[in-house]
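Below are the chains, spelled out letter by letter.
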Amino acid sequence: MGRTYSRQKRVLVTGGAGFLGSHLCDRLIAAGDDVLCLDNLFTGTRRNIAHLLDNPSFEFMRHDVTFPLYVEVDQIYNLACPASPIHYQHDPIQTTKTSVHGAINMLGLAKRLNVPILQASTSEVYGDPAVHPQSEEYWGHVNPIGPRSCYDEGKRCAETLFFDYHRQLGLRIKVARIFNTYGPRMHPDDGRVVSNFIVHALQGRPITIYGDGSQTRSFCYVDDLVEGLIRLMNSPDEVTGPVNLGNPNELSVRELAEFVIEKTSARVELERCDLPVDDPRQRQPDIGKARELLGWEPTVALEQGLERTIAYFRDLLGEDSGAVARLAPPDAAA
Ligand code: NAD
Ligand code: UDP
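Residues numbered from 1 in each chain as written. Chains lettered and ligands numbered in written order. Predicted model: local features only at pLDDT ≥ 70, side-chain atom pairs only at ≥ 80, totals over all residues. Heavy atoms only, no water.

Asker: Got a minute to help me understand the packing of aromatic side chains in this structure?
Answerer: Pairs of aromatic rings are described using the distance from one ring centre to the other and the angle between the two planes. The tally for this structure, following the rule as stated, stands at 5 aromatic pairs. Look at Y88 and Y151: their rings are 4.4 Å apart centre to centre, the planes differ by 5 degrees, and that puts the pair in the stacked class. Of the two residues, Y88 is situated in helix 3 (residues 85-88) and Y151 in helix 5 (residues 149-169); the sequence distance between them amounts to 63 residues. Comparing Y88 with Y151, the two get one shared label, buried. The interplanar angle of 70 degrees and the centroid separation of 5.2 Å between the aromatic rings of Y312 and F313 together place this pair among those described as edge-to-face. Using a relative accessible area of 18% as the deciding quantity, one classes Y312 as buried. Residue F313 is classed as buried on the basis of its relative accessible area of 0%. (Phe/Tyr/Trp six-rings, centres within 6.5 Å; stacked < 30°, edge-to-face > 60°. Helix = DSSP H or I, 4+ residues; strand = E, 2+ residues; numbered from the N terminus. Buried < 20%, exposed > 50% of the residue type's maximum accessible area, 1.4 Å probe, protein only.)

In structure tokens, the structure reads:
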């Protein structure tokens, strides 16, 4: 994608064939931008972007962000990184490389082009938080050597790099700390709680509750999250973040299970399983900054969002009952 005389903005979305990235590509295209979607298809799929491939404003490039990239764009959204524990723990060294080398490469690109760059960071930078709800001022409680560390510390190091490029080189940066987000195009076998519960309910399998199910999360619908990312990217230069983006509506994992059972009308049992190591006890974003700086807050209620997500998985599993088996486990990093 070279520079041409067009007034359309050219936007790079790394991780653009993934769950969040593909929705972001949709929104940018709908807004009239040109999109360069870059992905190594580790957890992303062509299926997520199939409807965009014939669009002249859309271009897909298979590339791994741990390698340098030379393209011409006006904005960069850096989303490339597996997000679910099963996927990021599959090849933890590659996960850290993706966050750290990926950030260095994308920041280098932003510096050469002198364009703004947004980092998809995560609530995992807060670890198993000792402060509740989590505001951006909280420095976190993170195990540096556990099975989640490749992701948590990789993302923390990426934030460090973003702020050093900003302080040292004056780069325009935007750091979004994304809390649990769900919706259509989640990977059906990524082991995340919303997709697991829905897929199990639709397949008549027991709903797997890790631990006693009293741990909490706050779930944000994908459309709301994407709106937040776009607002952050287009905010004034002095708004660097980090800004929490998520839905403050907190509920326990057990409550979520009951809600999914009700919404799918499934007749399934709850099955108690071991709690994963370092599983955070509670998570709820303080979104005061996002409200104040971006005029943003979630608008989609959990009930509405779950209905749309259930409808997506019904279609996916109905149209292709082998989808779950075939999509997992991811075994190719490039
Ligand atoms: P996802 O796994 O669906 O998407 C990640 C995408 O990045 C995939 O398409 C994958 O193939 C691609 N990718 C991975 N490694 C790559 C590499 N080295 N080079 C190029 N592409 C690579 O996950 P998602 O839920 O869409 O998450 C997107 C981003 O948002 C991630 O950075 C994640 O850490 C962050 N995030 C997501 C959530 C959430 O709840 N979904 C929460 C916090 C943060
Ligand atoms: N979880 C669960 N059953 C599942 C999948 C997840 O009880 O089948 C729990 C998990 O232990 C965690 C919560 O749900 O406490 C959210 O897990 P997820 O992997 O979706 O996100 P994260 O832990 O990264 O917030």
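Asker: Can you help me understand the packing of helix 1 (residues 19-30) against helix 7 (residues 222-233) in this one?
Answerer: A pair of packed helices can be characterised by two numbers: the angle between their axes and the separation between those axes. Put simply, helix 1 and helix 7 touch, their axes get as near as 10 Å, and they point 65 degrees apart. The element helix 1 and its partner helix 7 pack so that their crossing is right-handed. Each of F19, L20, H23, L24, R27 and L28 in helix 1 lies in contact with helix 7, whose residues at this interface are V222, D223, L225, V226, E227 and I230. Here the residues of the contact of helix 1 with helix 7 sort into 8 nonpolar, 1 polar and 3 charged. (Axes fitted to C-alpha atoms, helices over the stretch in contact; angles between N-to-C directions. Left-handed = near helix turned anticlockwise from the far one by under 90°. Contact = heavy atoms within 4.5 Å. Nonpolar A, V, L, I, M, F, W, Y, C, P; charged D, E, K, R; others polar.)

Asker: Would you explain the site of ligand 1 in this entry?
Answerer: As a structural note, the neighbourhood of ligand 1 is formed by 30 residues, with L20, D39, T43, Y151 and K155 the closest of them. Contact distances for ligand 1 include 2.8 Å between an oxygen atom and a backbone N or O atom of L20. R192 has a polar side-chain atom sitting 3.0 Å from an oxygen atom of ligand 1. About the coverage of ligand 1: the protein hides 96% of its 820 Å² of free accessible area. Sorting the residues of the shell around ligand 1 by element identifies helix 1, helix 4 (92-113), strand 5 (117-122) and helix 5 as the ones contributing at least two each. (Near = heavy atom within 4 Å. Polar contact = N/O pair within 3.5 Å; in protein donor to acceptor, adjacent residues only side chain to side chain. Areas by Shrake-Rupley, 256 points an atom, 1.4 Å probe, with all protein chains shown as cover.)

Asker: Which parts of the structure should I look at to understand the site of ligand 2?
Answerer: Around ligand 2 sit 18 residues in total, of which V193, N196, T208, R217 and D279 are the nearest. Taking Y210, its main chain carries an N or O atom lying 2.8 Å from an oxygen atom of ligand 2. Contact distances for ligand 2 include 3.0 Å between an oxygen atom and a side-chain N or O atom of R283. Expressed as a share of its isolated accessible area of 520 Å², the protein-covered part of ligand 2 is 97%.

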